Amino acid sequence: MIRVLVVDDEALVRSGLRMILEASGEIAVVGEAGDGAAAVTAAVRLRPHVVLMDVRMPGTDGLTAAAGILALPGPPKLIMLTTFDLDEYVHEALRLGAVGFLLKDTPPRDLAAAVRTVAAGQAILSPAVTKRLISSFAGKAPSRAVSARERLAALTAREEDVMRAVARGLSNAEIGRQLRLTEATVKAHVSRVLAKLGLANRVQAAILVHDADL
């Protein structure tokens, strides 16, 4: 079973998320928290595999809590819940190491699938939604673009091709078909690039590519 901690300041929302996730039969909601401070404490105590957390909450908000949770030894995977008017908060959370975000009106089936995806070690990087988020906030500061390009200069031409595809939200299989590589080769390229650039996941890699405006 995938152990999930649900964090939202509204009890009704937490209850709804619990029912949706546990109906899948593969997910157990091991705890709930109503604010960021309680979320960090619960993450330490319960050791969930995945934390599903609202961005804006009273007291300690989701962004501050994300920093605390992701700094824990062997941290859980973190998914932020948001609406488009809070994109800038989620963008920062992704930089901290969150593996993705979901809109609060995500269909139940997609919500459970997203939790399974991140629990399996993959990031949520939807071409239709996440790319819009990243593109809206990346590349606006010239100094950030220069810094990103300097970091990416360490990549080979093939690694850069793979990272461009990652930034478009393509899966390893889709990248392989596009670049005429095996899925295993693409996976190896992604792993090597993440290690070379000191990145936690492919979402951070996508942000870096967008920052560089490639």
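Placed above this text is the structure.
Treat the numbers as computed from the prediction; the structure is a model and nothing was measured. (Residues numbered from 1 in each chain as written. Predicted model: local features only at pLDDT ≥ 70, side-chain atom pairs only at ≥ 80, totals over all residues. Heavy atoms only, no water.)

Engineer: Can you lay out the packing of helix 2 (residues 36-46) against helix 3 (residues 62-70) for me, pointing to particular residues and giving the numbers?
Structural biologist: It is at 8 Å that the axes of helix 2 and helix 3 come closest, and there the two elements cross at 15°. For the element pair helix 2 / helix 3, the angle class is roughly parallel. Where helix 2 crosses over helix 3, the handedness of that crossing is right-handed. Between helix 2 and helix 3, the contacting residues are G36, A39, V40 and A43 on the first element and A65, G68 and I69 on the second. Here the residues of the contact of helix 2 with helix 3 are counted per class, giving five nonpolar, two polar and no charged. (Axes fitted to C-alpha atoms, helices over the stretch in contact; angles between N-to-C directions. Helix = DSSP H or I, 4+ residues; strand = E, 2+ residues; numbered from the N terminus. Parallel < 35°, antiparallel > 145°, perpendicular 65-115°, else oblique. Left-handed = near helix turned anticlockwise from the far one by under 90°. Contact = heavy atoms within 4.5 Å. Nonpolar A, V, L, I, M, F, W, Y, C, P; charged D, E, K, R; others polar.)

Engineer: Outline the environment of P76, supporting the account with residue identities and numerical values.
Structural biologist: Along the chain, P76 turns up in the loop between helix 3 and strand 4 (77-82). A relative accessible area of 8% means that P76 is categorised as buried. (Buried < 20%, exposed > 50% of the residue type's maximum accessible area, 1.4 Å probe, protein only.)

Engineer: Requested: an account of unusual backbone geometry, with residues and values cited.
Structural biologist: Phi at R47 is positive, roughly 50°, even though this residue is not glycine. Positive phi outside glycine occurs at R180, with the angle close to 60°. Inspection of the secondary structure puts R180 in the loop between helix 9 (172-179) and helix 10 (183-197).

Engineer: Help me get a handle on helix 3, residues and values and all.
Structural biologist: Looking at helix 3, one finds that the buried residues are G62, L63, A65, A66, I69 and L70. End-on view of helix 3: buried residues confined to an arc of 160°, all on one side of the axis. Backbone nitrogen of L63 and a side-chain oxygen of the N-cap are separated by 3.2 Å at the start of helix 3; the cap is D61. (Arc of directions from axis to C-beta. Polar contact = N/O pair within 3.5 Å; in protein donor to acceptor, adjacent residues only side chain to side chain.)

Engineer: Explain helix 2 to me, using residue names and the numbers behind them.
Structural biologist: Regarding helix 2, the residues found buried are G36, A39, A42, A43 and L46. Buried residues along helix 2 cover an arc of 115° about the axis, so they all sit on one side. Away from its buried face by more than 90 degrees, helix 2 exposes T41 and R45. A side-chain oxygen of the first residue of helix 2 lies 3.0 Å from the backbone nitrogen of A37; this N-cap is D35. In the stretch just after helix 2, R47 is the one whose phi turns positive, near 50°.

Engineer: Quick one: what's the story with the pattern of salt bridges, residue by residue and with numbers?
Structural biologist: For the structure on display, the rule yields eight salt bridges. Between R18 and E22 there is a salt bridge, with its nearest N and O atoms 3.4 Å apart. In this pair, R18 and E22 both sit in helix 1 (residues 11-22), four residues apart, roughly one turn of the helix. Salt bridges linked by common partners bring R14, R18, E22 and E32 together as one network. (Salt bridge = Lys/Arg side-chain N within 4 Å of Asp/Glu carboxyl O.)

Engineer: Account for the side chain of R14, with residues named and values stated.
Structural biologist: Examined against the element boundaries, R14 turns out to sit in helix 1. Judged by its relative accessible area of 15%, R14 falls in the buried class. Within the structure, the side chain of R14 is placed 3.1 Å from the side chain of E32, a separation counted as a polar contact. Sequence-distant contacts of R14, defined by excluding residues within four places in its chain, comprise V6, D8, D9, E32, A33 and G34.

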